[in-house]
Amino acid sequence: MAAAAGATAAGVRTVRVTVALKPGVLDAQGQAIQKGLDALGHAGVRAVRAGRYFEIEMQDTPDLEARVRAMCDGFLANPLIEDFRYEVL
Amino acid sequence: MAAAAGATAAGVRTVRVTVALKPGVLDAQGQAIQKGLDALGHAGVRAVRAGRYFEIEMQDTPDLEARVRAMCDGFLANPLIEDFRYEVL
Amino acid sequence: MAAVGPALEGIAARPLGALRPDEYAEVCRRLRRDPTPAELGMFGVMWSEHCAYKHSRAALRRLPTRGPGVLRGPGENAGAVDAGDGWAAVFKMESHNHPSAVAPFHGAATGVGGIIRDVLAMGARPVALLDSLRFGPLDDPATAPQARGVIAGIAAYGNSIGVPTVGGELRCAPCYRANPLVNVACLGLVRADRIATSRAAGPGNAVVYLGARTGRDGMQGAAFASVELSGNPSDRSAVQMGDPFTGKLLIEATLEALATGAVVALQDMGAAGITCALSEMSARGGVGMDVDIRLVPRREDRMTPEEVLLSESQERMLLVVAAGREEEVLRVARRWELPAVVIGRVVADPVLSVRDGARTIVSLDPRHLTDAPAYAPAAMPPAYLDEVRRLDVSALPLHDPAHALLALLRGPGTRSARWVFRQYDHMIQTNTVVPPGADAAVLRLKDAPPSGVALAVDGNGRACYLDPCTGAMLAVLEAAQNLACAGAVPAAVTDCLNFASPERPDVFWTFTQAVDGIARACDALDVPVVGGNVSFYNEAGDAIYPTPVIAMLGRVADVRRRAASGWLGRGDVIVLFGDGTPALDGSEYLELIHGRVAGRLPTPDLPAVARTIRCVRDAVAEGLVVSAHDCAEGGIAVALAECCMPSRIGARVALPAAGRHDAVLFGEAIGRVVVSVRPDGITKLLEFARRFDVPVQVIGTVGGGRLVVGAADVSGASTSPDAAPWLDVPVGILAQAWDADGEVS
Amino acid sequence: MTIGIVVFPGSNCDADTYHAVRDVLGCEAVYVWHQETALDGLDAVVLPGGFAYGDYLRAGAIAATSPVMRAVRRYAAAGRPVLGICNGFQVLVETRLLPGALLLNRPGEFRCEHVRIRVERADTPFTCALREGDILRLPIAHGEGRYYVDAETLAALTRDRQIAFRYCDAAGHTTESANPNGALDNIAGVATVSGTVLGLMPHPERASEAIVGSADGLRIFESLARWIAGRGVVPAPAGAGAGGGAAPAGRAEGR
Ligand SMILES: Nc1ncnc2c1ncn2[C@@H]1O[C@H](COP(=O)(O)OP(=O)(O)O)[C@@H](O)[C@H]1O
Ligand SMILES: [Mg+2]
């Protein structure tokens, strides 16, 4: 599926971005999810961090990665509170 | 960083889960984000799908993957509308 | 016409409808030919129970729908009543039970969106929402996330679209575990002379699609809402996704389009999507339409015309726009960045033609779609009734009343609902004078000061299980009683009738009984039913209790004149209005403390209760009382405790002891209201009650930090409980039980 | 005196703000469409509450990209008053006109209730009719209102008196239980150093008439009217009489 997505059209690449709160920032959503998992009886969950995921299809260019970073930095992720990670398929 | 996360404690593994809407399901969030990227002048963005991301630290057991799938199926992801993907570090 | 031959193979390959064989035959008879696949799909959804009321239509005729204030009764997208000063209040409730069962968040969210657009279709700006919820026990591990999901879905949609959720109710019982009920009511306001219609008119006028693009959302949702949930994963294509952001744009764009004067008729595309809008608008207008389905804006490639016809994508409206003025409406849509397209024209002949480009795929009289067959199902009292009505109260052990009271205050049906309503924006639009937490919400009418409206929603499934007719009456009376505490005159009822399969005679009997109960209570109160909704087939696993839910709208002459929901002044006198004899049969106490759902409900004395309601309402409206709160679940003890909460002031109360103390304290009877009054106002109030022929008793005094309740005859003094009271609990302890800072169970 | 109220797609407190400014306060109010590129003739700009663009990324993030925000940036740079309420505050933060970020509430869900805030700074266009230490009872209605900055920035904010409001109890104490969303240091609102750009999570426009629960919020709009009428003259922080006192840094910078 990954390959298929990467090859949607000539010159179009799929980029997967994940954004998560920085380690020191309290993650209220992650905590709520952990509670929910506990309540449902999922044992052995030590910690949950919740974040966002984006799948972006974009025109391929030599500066693709720089463009992805520019989109992440400040828009898809707020550098004050979030880290991002991306992967180009 | 990935390696470090995977090694947080003896017997604890980090699992990364991404959840995305199934193809065809209305993604209002992705549409709005694409507008925002356009407005910021990021050219060549063909499509954006928005989803959720979880980083879970859990006790390692032989049935780890089965436990992850059980958590995803119905709780972290709603199988009616979402697909999930996970990676154990 | 370019009909496609006999379509039956197509159905087998991809079932599009839920027609029974005899219905299919009826379609062929009416068309004098086999339906095309597209037509068959349209009949499937339009003749579904959800759209066609096949089993309920006849029974619903029993409901009173007329009254001097009624501007639009049932039949349009929502009813409308006079709200004073030239304003009309548009009021409607709808269920979204099945979608919420499979996808709690999205199901509930789209329920909110759907009812908002029904009200919008009348040309009204939506100004308030109410939610009535039923779940399994909240401590059930599967129920808790479901309940949280539903509440979060309502919050997400209502908060974002900017319509306050000003009240609601939440009750729990095991029968709702697999069949949660999510009923949402919406109130809208429009100038009475600007109420819009769904009746298409004017051959040559444009048929305009406005709103979100069409995708494969909620395929066959209407049909889906009409069958029992099977646990079958194929149920699952029916999930609709809401987008409150687009919903908000659609409200503004629609109201702006209406303001141009170019819009002749409109309707939301809700259940059964564009199929329903096309057929109902044409049929109601006695005209036809000729549309090209290919012009419908789509979200996905390769959708078949049938899919477009049946899609239940949200946030869409269909407009009929005066020929030559299309651009005025399209311009509005562009400004709000919404797709809008002229997809066809109104035609004089009552023929609905749908083309896919040049190919005609539908050509029929739209009334064939809207006039579905009606059934007269068999009705028979359920076998369980005799059994559950048997209750020997004297065999029940007596419990410590303080413990019982605290348990009741913690109970899902009686505890504070703050944990729910603080997740809802209940203040936006700045009209909320009395927010959730009181018996009824009160909104001011900004454009008609000092008047306002009050809203309450009530239902009692347990009572209806024991006695559907009485239970339904109780729901109506309880709503009116709640409005009375806000000083409001009942103006309109909208209802949601939630039942199991009408094809079961025992279920159908409960349905007809409930309708009868609603009708009788509404007659007694002189309030019309202006609209509503029937949700059948709520029986995944167990059948639900018969659960009619009543939302009531009242008019308030002066929103500045109101009673508090609890004590305000130490030394104030506590007076009980009404003299119904409290019974443990069917009570919250009996279920929660004794684990029994049983008993024989006393038949309400409708004229007496109606008098009490009128008396309390007028006393509040004339400013004769400080506070007013009715006795509901948990009886007078819970009502008194609730009166202590808002200002954390206690009371000493003496009640006439007749029989067991638990019956006196926790027994339930309709038509009882606890009010407090300043000592210097008591004479006037008692005189006032006498004029209404309403029995009143002075039962105690406000003050102190404890709630003390005892027997009047033991103490000898009617306002001070005896030295050994039944109950003596610090208000702080009551409050802690009642609202332990909003955690879910 | 004309106050502009910006309308983004998905704004939903625009009409409430308009009502408070025009019908209650008695000032001229005009809507400013999100595609406007000029804010000429406006004496102040309010970014109202709501869910601009659905808040489908971080709240306010997409609205921050709209054309009107370029104009607001220039307007603010000229030292003219900009007030962000709730979603408007989120937009100001995402536009970097104000420091910090607004995270999901500590309880993990939306909260709509009345809270109290303490005025920490009375020398802004929005608080000049108030005194430091005054307590206002205002509603909140948000899911993402937990104010956050890093420690260094917090120190700078404190030093530069940029914290405009803090959640407090009835006695004015900034306790944890008075903090509805887990905001750092009970911060309910922040301003620029000059005070001319201010954002807060609570809704003053919803508390402008006693009939709907509180009229305390009106004092924020009254401050603004007084500030505009005084042509940028606000009283000294010590609480000197209206109309007199030092010229605010912000407005002076703009001229
Ligand atoms: N699901 C809900 N959503 C919003 N408000 C609710 C909800 N449930 C209860 N409330 C509010 O809590 C208060 C008490 O509800 P309830 O016990 O049902 O009242 P009553 O017994 O007077 O009918 C009412 O103001 C009601 O509007
Ligand atoms: Mg009540």
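For the structure itself, look to the data block above.
Here the residue index of a chain counts from 1 through its sequence in written order. Labels follow written order: the first chain is A, the first ligand is 1, and so on. pLDDT decides what is reported in this predicted model: residues at 70 or higher carry local features, side-chain atom pairs at 80 or more are listed and counted, and totals for whole chains, interfaces and linings draw on all residues regardless. Only heavy atoms go into the side-chain values, all of them from the structure, while hydrogens and water stay out.

Our next topic: the overall build of chain A. A run of H or I in DSSP becomes a helix once it reaches four residues, and a run of E becomes a strand once it reaches two; helices and strands are each numbered from the N terminus. In terms of helices and strands, chain A carries 3 helices and 3 strands. If you list the helices and strands of chain A from N to C, you get α-β-α-β-α-β. Relative accessibility thresholds used throughout: buried, under 20% of the residue-type maximum; exposed, over 50%; partly exposed, between the two (1.4 Å probe, protein chains only). For chain A, the proportion of its 89 residues judged to be buried stands at 47%. Only the protein chains shown count as cover for residues, and all accessible areas are computed by the Shrake-Rupley method using a 1.4 Å probe. Looking at chain A as shown, the accessible area adds up to about 3900 Å², and 56% of this sits on carbon and sulfur atoms.

What follows deals with the environment of Arg166 of chain D. All names here are of chain D. Among the structural elements, Arg166 can be located in strand S9 (residues 163–168). The buried category is assigned to Arg166, whose relative accessible area is 13%. Taking the C-alpha atoms as reference, Arg166 lies 27 Å from Gly230; in sequence the two are 64 residues apart. Note on definitions: a residue-residue contact is assigned when non-hydrogen atoms from the two residues lie within 4.5 Å. When residues no more than four places from it in sequence are discounted, the contact partners of Arg166 are Arg116, Ile117, Arg118, Glu120, Thr174, Asp185, Asn186, Ile187 and Ala188.

Looking now at the coordination of the magnesium ion (ligand 2). Residue and element names in this part refer to chain C. For Na, K and Ca the donor cut-off is 3.2 Å, and for all other metals it is 2.8 Å, counting N, O and S atoms only; because water is absent from this set, sites may look incomplete. Within the protein, the atoms that donate to the magnesium ion (ligand 2) are Asp439 (OD), Asn482 (OD1) and Asp630 (OD), at distances of 2.1 to 2.2 Å. Ordering the donors of the magnesium ion (ligand 2) by residue number gives the pattern D-x42-N-x147-D. With Asn482 in helix H19 (residues 468–485) and Asp630 in strand S21 (residues 627–630), this pair connects stretches of sequence that are 148 residues apart. What makes Asp630 buried here is its relative accessible area of 1%.

Further remarks concern the site of ligand 1. Residue and element names in this part refer to chain C. Taken together, 19 residues surround ligand 1, and among them Asp131, Gly168, Gly437, Ala438 and Asp458 come closest. Distance and chemistry together define a polar contact, namely a pair of N or O atoms within 3.5 Å, with one atom able to donate a hydrogen and the other to accept it when in protein, and with adjacent residues in sequence counting only for side-chain atoms on both sides. One of the side-chain N or O atoms of Asp131 is found 2.5 Å from a nitrogen atom in ligand 1. In this structure, Ala438 approaches ligand 1 through a main-chain N or O atom, which is 2.5 Å from an oxygen atom. When the free accessible area of ligand 1 is taken as 550 Å², the share hidden by the protein chains comes to 89%. It suffices for a single heavy atom of a residue to lie within 4 Å of a molecule or strand for the residue to be listed as near it.

This part covers the pairing of strand S6 (residues 111–119) of chain D. All names here are of chain D. A pair of strands is considered paired only if DSSP assigns at least 2 bridges between the two. Note that S6 and strand S7 (residues 135–142) share 8 bridges and pair antiparallel. By the bridge assignment, Arg118 is partnered in S7 with Ile135. Bridging between S6 and S9 involves 4 bridges; their strand directions are antiparallel. In the sheet register, Arg116 faces S9, and the bridge partner there is Cys168.

All names here are of chain C. Judged by pairing direction, the sheet is mixed, and its 7 strands sit side by side in the order S8-S10-S7-S11-S9-S12-S13 without closing on themselves. In the strand order of this sheet, the two ends are held by strand S8 (263–268) and strand S13 (359–364), each with one partner. With direction set aside, neighbouring strand axes in the sheet form an average angle of 20°. As paired strands, S8 and strand S10 (residues 316–321) are joined by 5 bridges and run antiparallel to one another. Among the inter-strand pairings, Gln267 is bridged to a residue of S10, identified as Leu318. Every axis in this analysis is a line fitted to C-alpha atoms, fitted for helices over the stretch in contact. Angles between the N-to-C directions lie between 0 and 180 degrees. Strands strand S7 (206–211), S8, S10 and strand S11 (340–347) of the sheet are contacted by helix H13 (residues 326–335), whose axis makes an angle of about 150° with S11.

This brings us to the side chain of Asn533 of chain C. Residues and elements named next belong to chain C. Tracing the backbone through its elements, the reader meets Asn533 in strand S18 (residues 529–535). On the basis of relative accessibility, which here comes to 2%, the residue Asn533 falls in the buried class. Those residues within four positions of Asn533 in sequence are excluded, and the remaining contacts are His50, Tyr53, Met93, Glu94, Ser95, Asp495, Cys496 and Leu497.

Moving on, we come to the interface of chain A and chain B. If you look at the interface, chain A gives 34 residues, while chain B gives 35 residues. We count a salt bridge whenever a side-chain nitrogen from Lys or Arg sits within 4 Å of a carboxyl oxygen from Asp or Glu. Run the count over chain A and chain B and you get 1 salt bridge. Remark: the boundary between chain A and chain B carries 16 residue pairs in polar contact (both at pLDDT 80 or more). Taken together, the elements giving at least two residues each to the side of chain A that touches chain B come down to strand S1 (12–21), helix H2 (28–39), strand S2 (45–59) and helix H3 (64–72) of chain A. When residues of the side of chain A that touches chain B are assigned to their parent elements, the largest contribution, 15 residues, is made by S2 of chain A. Classes in brief: Ala, Val, Leu, Ile, Met, Phe, Trp, Tyr, Cys and Pro nonpolar; Asp, Glu, Lys and Arg charged; the others, Gly included, polar. Here the residues of the side of chain A that touches chain B sort into 20 nonpolar, 6 polar and 8 charged.

Further remarks concern the environment of Thr65 of chain D. Structurally, Thr65 of chain D is set in the loop between strand S3 (44–47) and helix H2 (67–77). With 26 residues separating them along the chain, Thr65 of chain D and Val91 of chain D place their C-alpha atoms 9.3 Å apart. When residues no more than four places from it in sequence are discounted, the contact partners of Thr65 of chain D are Phe75 of chain A, Gly36, Ala39 and Leu40 of chain B together with Arg70 of chain D. Among the polar contacts made by the side chain of Thr65 of chain D, one reaches the main-chain carbonyl oxygen of Ile62 of chain D at a distance of 2.6 Å.

This paragraph deals with the nonpolar core. We define a nonpolar core as any set of buried Ala, Val, Leu, Ile, Met, Phe, Trp, Tyr and Cys residues linked to one another through side-chain atoms lying within 4.5 Å. Membership of the largest hydrophobic core comes to 157 residues, with the highest contact counts inside it found for Ile56 of chain A, Ile33 of chain B, Leu319 of chain C together with Phe165 of chain D. By residue number, the principal contributor to this core is helix H10 (residues 244–259) of chain C, which donates 8 residues. Excluding residues within four positions of it along the chain, Leu319 of chain C makes contact with Ala206, Val207, Val208, Leu210, Ala257, Val263, Ala265, Leu266 and Val329 of chain C. Phe499, Ala519, Leu525 and Cys615 of chain C belong to the second largest nonpolar core, which has 75 residues in total.

Right, let's talk about the packing of aromatic side chains for a bit. Put simply, two rings from Phe, Tyr or Trp (the six-membered ring, in Trp's case) pair if the centres are within 6.5 Å, and we call them stacked under 30 degrees between planes, edge-to-face over 60, tilted for the rest. Enumeration over the complete set of coordinates arrives at 15 aromatic pairs over all chains. Ring geometry for Phe499 of chain C versus Phe511 of chain C: centroids 5.2 Å apart, planes at 85°, classification edge-to-face. One end of the pair, Phe499 of chain C, is in the loop between strand S17 (489–498) and helix H20 (505–525); the other, Phe511 of chain C, is in helix H20, with 12 residues separating them in the sequence. Note on accessibility: Phe499 of chain C and Phe511 of chain C belong to one class, buried. Their ring planes at 15° and their centres at 6.5 Å tell us that Phe51 of chain D and Phe110 of chain D sit as a pair that is stacked. With Phe51 of chain D in the loop between S3 and H2 and Phe110 of chain D in the loop between strand S5 (101–104) and S6, this residue pair connects regions lying 59 residues apart in the sequence. Taken together, the ring pairs in this structure connect Tyr176, Tyr384, Tyr465 and Tyr545 of chain C into an aromatic cluster.

Next up on the list: unusual backbone geometry. Of all residues except glycine, most have a negative phi; of all peptide bonds, most are trans. All names here are of chain C. Looking along the chain, the bond that leaves Pro449 and enters Pro450 is cis, with omega of 0°. Checked against the element boundaries, Pro450 lands in the loop between strand S15 (441–444) and strand S16 (452–459). With phi around 50°, Tyr53 is a residue other than glycine that occupies positive phi space. In this fold, Tyr53 is placed in the loop between helix H4 (49–52) and helix H5 (57–60).

Alignment of the copies relies on least squares applied to C-alpha atoms, considering only residues that score at least 70 for pLDDT in both. In the superposition of chain A on chain B (RMSD 0.2 Å, axial shift 0.0 Å), the rotation amounts to 180°. As the rotation angle and translation indicate, the two copies are arranged about a two-fold axis. Among all C-alpha atoms of chain A, that of Arg52 of chain A lies closest to the rotation axis, at 2.1 Å. Looking at the interface residues of chain A, 100% of them are also at the interface in chain B, so both copies use one shared face.

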